[in-house]
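Residue-level structural notes
Listed here are the chains, written in short residue letters.
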Amino acid sequence: MDLSVKIGNLLLKNPVTLASGTSGYGEELSAFIRLSDIGAIFTKGLSLEPRQGNRGNRIMETPSGVLNSIGLENVGLECFLREKMPFLVKQGATVIPNVAGHSIEENVELCKTLSRTPGVAAVELNVSCPNVKEGGIAFGTSMPVFTELVSKVRTVTGIPLIIKLSPNVADPGEFALRAQEIGADAVSAVNTFLGMKIDVKKGRPHFLNKVAGLSGPAIRPMAVRVVYQIYERINIPIIGMGGIFELEDMLEFLMAGAAAVSLGTVTMVHPGRSAELLGGLADYMKKNSMTDLSRLTGMAHRPE
Amino acid sequence: MTRLIGKPEEVARDHYMLRLDAGDAVSAPGQFVTIKPGEGTDPLLRRPFSLFDHHDGVIEIVVRVVGRGTGLISRAGGELDMLGPMGRGFSLERAGSALLVGGGVGCAPLNYLARALKGAGTRVTMLFGASSSGFVYCRDEFIRNSHDFHVTTDDGSEGRGGTVVSLMAELLAAEKYDRIYCCGPTVMMKKAVELAGPVPVEISVENYFGCGFGICAGCTIETTSGLKRACVHGPVFDGRSVILGSLG
């Protein structure tokens, strides 16, 4: 059975990956799963300097979802290379750092260095960060800014480049298509949907940043829709994500057009679920006499 | 899955004792377990519970029902989806005498701590603060595991009337303690740390956890040495290192 997934010149051993932001740098999860078993680990959004993240409330449960306002807390590039990469490489993990710079220059610098770092399999560019020089508007919501960022990053990235799309635009397919035109190797769809919580006792927003990112099963139908729509516009692989908890959820994303999937919120609740779902997928394919994952990808688009 | 031994027992108003078959798990006072409430994805996140005790392969926790998730756990039967024990617990440094100050469900980890300290030869004074007598649980265990046990209630319905920290202040004025341990509402712990003066004080924080094992960075608290994830760097911290004003 062939479960491998090709992203540019990178071959993932299977399509089940750990999403950025809910996997840390693999240290905690390595107590629950063998990191070498899963397709890839997307590490916590990285900046050049360490970031403390947001103050005040950072996380809260919603109906079948989670709102987060972590603020991209991370250890910074130097510590990542010195302490986190050696651990991940030793574990045999396929490492895809998520790059979350707050300016075009910072993203370029990060991708340049990571491209030359042994053990880094690909980079994932997070375009949902605020562009500090342009008043904090997310890169991924303005087509000219998005185009400039992805173009400049592509030029310096000598390894597969994955663009993690924002769903907080009218037509994510436009951005996916632009990423493909510029030469991205894949897109991740999708990042969190913007949400909000009002503390009614205080009559104030619950989070200091006011808005927060919504993830989990609550966003799954919207995320599946985005993947389905993007698949009709592009030929490069889609890494689908948004509230996958069960095998059926994963199959939805694959059939909608994803070549691989990422698990995020579920890992917070069930830290071993990635390995379980990988086993579940193999069983499903065996039962349905499928030898190749490509049979599943985009199945919902094909005529009966 | 973890087997529930017997049914959850109502030990005080809105408080339930759950006994869980922990197999050969090892733990320390101040550590916690997380439990997934019910099946499915709503409620979604695990709930953290400090260990009330752990002996003979059985973990005991006290669940205070505050919403739908804890309500489901308080009515559970058969098996529960539990992770742990996890986190950094209290230090069990040798001390001649220790003052343990708890508020409400925050008294739970102090029971396990009291038993460990008493067993190691420390003289243990336990203060249990509650709003009213109906919320005081497991008096027999606290009495057995401490040398002195005092209850305070805000409405005066049991023990000393007033807050637990006012009794703490009186005891500190009358007697010398080598170490103070505290768990309860933030405002109570803030006062307790102030009252501790030069005496070493450890607190167990009770802020909102996302995952409970360190991957989400949602439970971060501000300390004098930067932001710390309460679930893995704590939940027990040096009381003076935590900037309690930053906690909700």
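Quick caveat, the model's predicted, so the values are computed rather than measured.

Let's shift gears to the overall build of chain A. Counting its regular elements, chain A contains 8 helices and 18 strands. Its C-alpha atoms give chain A a radius of gyration of 18 Å, near enough to 19 Å, the size a compact globule of 304 residues would have. For chain A, the spread of C-alpha atoms along the principal axes amounts to about 55 × 45 × 40 Å. Considering only contacts within chain A whose residues lie at least 6 apart along the sequence, 69% involve residues at least 24 apart. Accessible surface, chain A as shown: approximately 12300 Å² in total, 52% of it carbon and sulfur. In chain A, which carries 30 positive and 29 negative side-chain charges, the distance between the mean positions of the two groups comes to 4 Å.

Residue and element names in this part refer to chain B. Read across the sheet, 6 strands follow the order β2-β3-β6-β5-β4-β8 without closing on themselves; strand pairing throughout is antiparallel. For this open sheet the edge positions go to β2 (9-12) and β8 (82-86), each flanked by a neighbour on one side alone. Strand after strand, the sheet turns through a mean of 35° between neighbouring axes, direction not considered. Helix-sheet contacts for helix α2 (residues 108-119) involve β5 (47-55) and β6 (58-64), and the interaxial angle to β5 is about 25°.

Residues and elements named next belong to chain B. The set of residues buried in helix α4 (residues 164-174) consists of V164, V165, L167, M168, L171 and L172. Considered in projection along α4, the buried side chains sweep an arc of 150° and stay on one side of the axis. Every exposed residue of α4 that faces more than 90 degrees away from the buried side is listed here: A173 and A174. As for α4, its buried residues are in contact with β9 (97-103), β10 (123-130), β11 (148-153), β12 (160-161), β13 (179-183) and α5 (186-196).

Now for the interface of chain A and chain B. Opposite the 27 residues of chain A that make contact, chain B presents 25 residues. The largest share of the area that chain A buries against chain B comes from A:E61, A:M268 and A:V269, three residues that together contribute 27% of it. Counting every contact that joins chain A to chain B gives 3 salt bridges. B:R47 is paired through a salt bridge with A:E61; the nearest N and O atoms lie 2.8 Å apart. The tally of links between chain A and chain B comes to 10 residue pairs in polar contact (both at pLDDT 80 or more). Take the side of chain A that touches chain B: its biggest share by element is 4 residues, from helix α7 (residues 265-269) of chain A. Residue composition of the side of chain A that touches chain B, grouped by class: 12 nonpolar, 10 polar and 5 charged.

Bringing the state of the cysteines into the picture now. On inspection of all chains with the given rule, the structure shows 0 disulfides over all chains. In this structure B:C182 is not part of a disulfide, and its nearest cysteine sulfur, from B:C183, lies 7.2 Å away.

This brings us to the pairing of β10(B). One face of the sheet, then the other: side chains in a regular strand alternate in exactly this way. Residue and element names in this part refer to chain B. Burial within β10 is extensive, with 7 of its 8 residues counted as buried. In the sheet, β9 pairs with β10 via 7 bridges, with the strands oriented parallel. Bridge pairing in β10 links A98 to V124. In this fold, β9 hands off to α2, which returns the chain to β10; that crossover is right-handed. As defined by bridge partners, β10 adjoins β11 across 6 bridges and the pair is classed as parallel. Within the sheet, the bridge partner assigned to T125 lies in β11 and is D148. Traced from β10 through helix α3 (residues 139-145) to β11, the parallel crossover comes out right-handed.

Judged by nonpolar contacts, the single largest core of 139 residues is most densely connected at A:I163 and A:V187. Ranked by the residues each element gives to this core, the list is headed by α4(B), at 6 residues. Of all hydrophobic cores here, the second largest spans 27 residues; its members include B:L110, B:F135, B:Y137 and B:V236.

With that out of the way, let us pick up a nonpolar patch on the surface. On the surface, A:L194, A:M196, A:I198, A:V200 and A:V211 cluster together to form a nonpolar patch covering roughly 490 Å² of accessible area. In this fold, A:V211 is placed in strand β16 (residues 211-215).

It is worth spelling out the side chain of B:H54 at this point. All names here are of chain B. Looking at the element boundaries, H54 is found in strand β5. Exposure remark for H54: the relative accessible area of 11% places this residue in the buried category. Among the polar contacts listed, one links the side chain of H54 to the side chain of S27, at a separation of 2.6 Å.

A word on helix α6 (residues 247-256) of chain A. Since the α-helix advances by 3.6 residues per turn, residues separated by three or four positions end up pointing in the same direction. Residues and elements named next belong to chain A. Residues of α6 that are buried include every one of D249, M250, L251, F253, L254 and A256, and no others. Residues of α6 that are buried sit in contact with β3 (16-18), α5 (220-231), β17 (238-240), β18 (260-263) and α8 (273-287). One or two residues past the end of α6 sits G257, with phi positive at roughly 135°.

Low-confidence regions, as indicated by low pLDDT, have predicted coordinates that should not be scrutinised in detail. Residues with a pLDDT of 70 or more make up 100% of chain B, whose mean pLDDT is 96. The ipTM for the predicted assembly is 0.93, set against a pTM of 0.95.

Residue and element names in this part refer to chain B. Here we have 7 strands laid out as an open sheet, ordered β12-β11-β10-β9-β13-β14-β17, and mixed in their pairing. Of all the strands in the sheet, the pair left with one neighbour each is β12 and β17 (236-238). Contacts from α2 reach β9, β10 and β13, with the element oriented near 170° to β9. Along the sheet, α4 makes contact with β9, β10, β11, β12 and β13, crossing β10 at roughly 150°.

All names here are of chain A. In the contact formed by α5 and α6, the axes pass within 8 Å of each other and the chain directions differ by 25°. What the angle tells us is that α5 and α6 run roughly parallel. Across the interface between the two elements, R220, A223, V224, V227, Y228 and Y231 of α5 pack against D249, E252, F253 and A256 of α6. Among the residues making up the contact of α5 with α6, the classes are represented as 7 nonpolar, no polar and 3 charged.

A separate point is the domain arrangement of chain B. Residues and elements named next belong to chain B. As far as domains go, chain B holds domain 1 (2-86), domain 2 (90-203) and domain 3 (205-248). Taken together, the contact between domain 1 and domain 2 spans 18 residues of the former and 17 residues of the latter. Carbon and sulfur atoms make up 66% of the area that domain 1 and domain 2 hide from each other, which totals about 1500 Å². If you look at where domain 1 meets domain 2, you find 1 salt bridge. At the surface where domain 1 touches domain 2, the tally comes to 7 residue pairs in polar contact (both at pLDDT 80 or more). Put simply, the parts of the chain that give the side of domain 1 that touches domain 2 at least two residues each are β2, β3 (15-21), β5 and β6. Counting residues per element, the side of domain 1 that touches domain 2 draws most heavily on β5, which supplies 6 residues. For the side of domain 1 that touches domain 2, the class distribution of residues is 8 nonpolar, 6 polar and 4 charged.

Criteria and thresholds
- Residues numbered from 1 in each chain as written.
- Chains lettered and ligands numbered in written order.
- Predicted model: local features only at pLDDT ≥ 70, side-chain atom pairs only at ≥ 80, totals over all residues.
- Heavy atoms only, no water.
- Helix = DSSP H or I, 4+ residues; strand = E, 2+ residues; numbered from the N terminus.
- Rg over C-alpha atoms; globule rule 2.2 N^0.38 Å.
- Contact = heavy atoms within 4.5 Å.
- Areas by Shrake-Rupley, 256 points an atom, 1.4 Å probe, with all protein chains shown as cover.
- Lys, Arg positive; Asp, Glu negative; His and termini not counted.
- Charge placed at Lys NZ, Arg CZ, Asp CG, Glu CD.
- Pairing = 2+ DSSP bridges.
- Axes fitted to C-alpha atoms, helices over the stretch in contact; angles between N-to-C directions.
- Buried < 20%, exposed > 50% of the residue type's maximum accessible area, 1.4 Å probe, protein only.
- Arc of directions from axis to C-beta.
- Buried area = accessible area lost by both parts, 1.4 Å probe.
- Salt bridge = Lys/Arg side-chain N within 4 Å of Asp/Glu carboxyl O.
- Polar contact = N/O pair within 3.5 Å; in protein donor to acceptor, adjacent residues only side chain to side chain.
- Nonpolar A, V, L, I, M, F, W, Y, C, P; charged D, E, K, R; others polar.
- Disulfide = S-S within 2.5 Å.
- Right-handed = clockwise from strand over helix to strand, strands pointing away.
- Core = buried A, V, L, I, M, F, W, Y, C linked by side-chain atoms within 4.5 Å.
- Patch = residues over 30% accessible without salt bridge, like charges linked within 9 Å, V, L, I, M, F, W, Y side chains within 5 Å.
- pLDDT = per-residue confidence, 0-100.
- Parallel < 35°, antiparallel > 145°, perpendicular 65-115°, else oblique.
- Domains from an automatic or database assignment.

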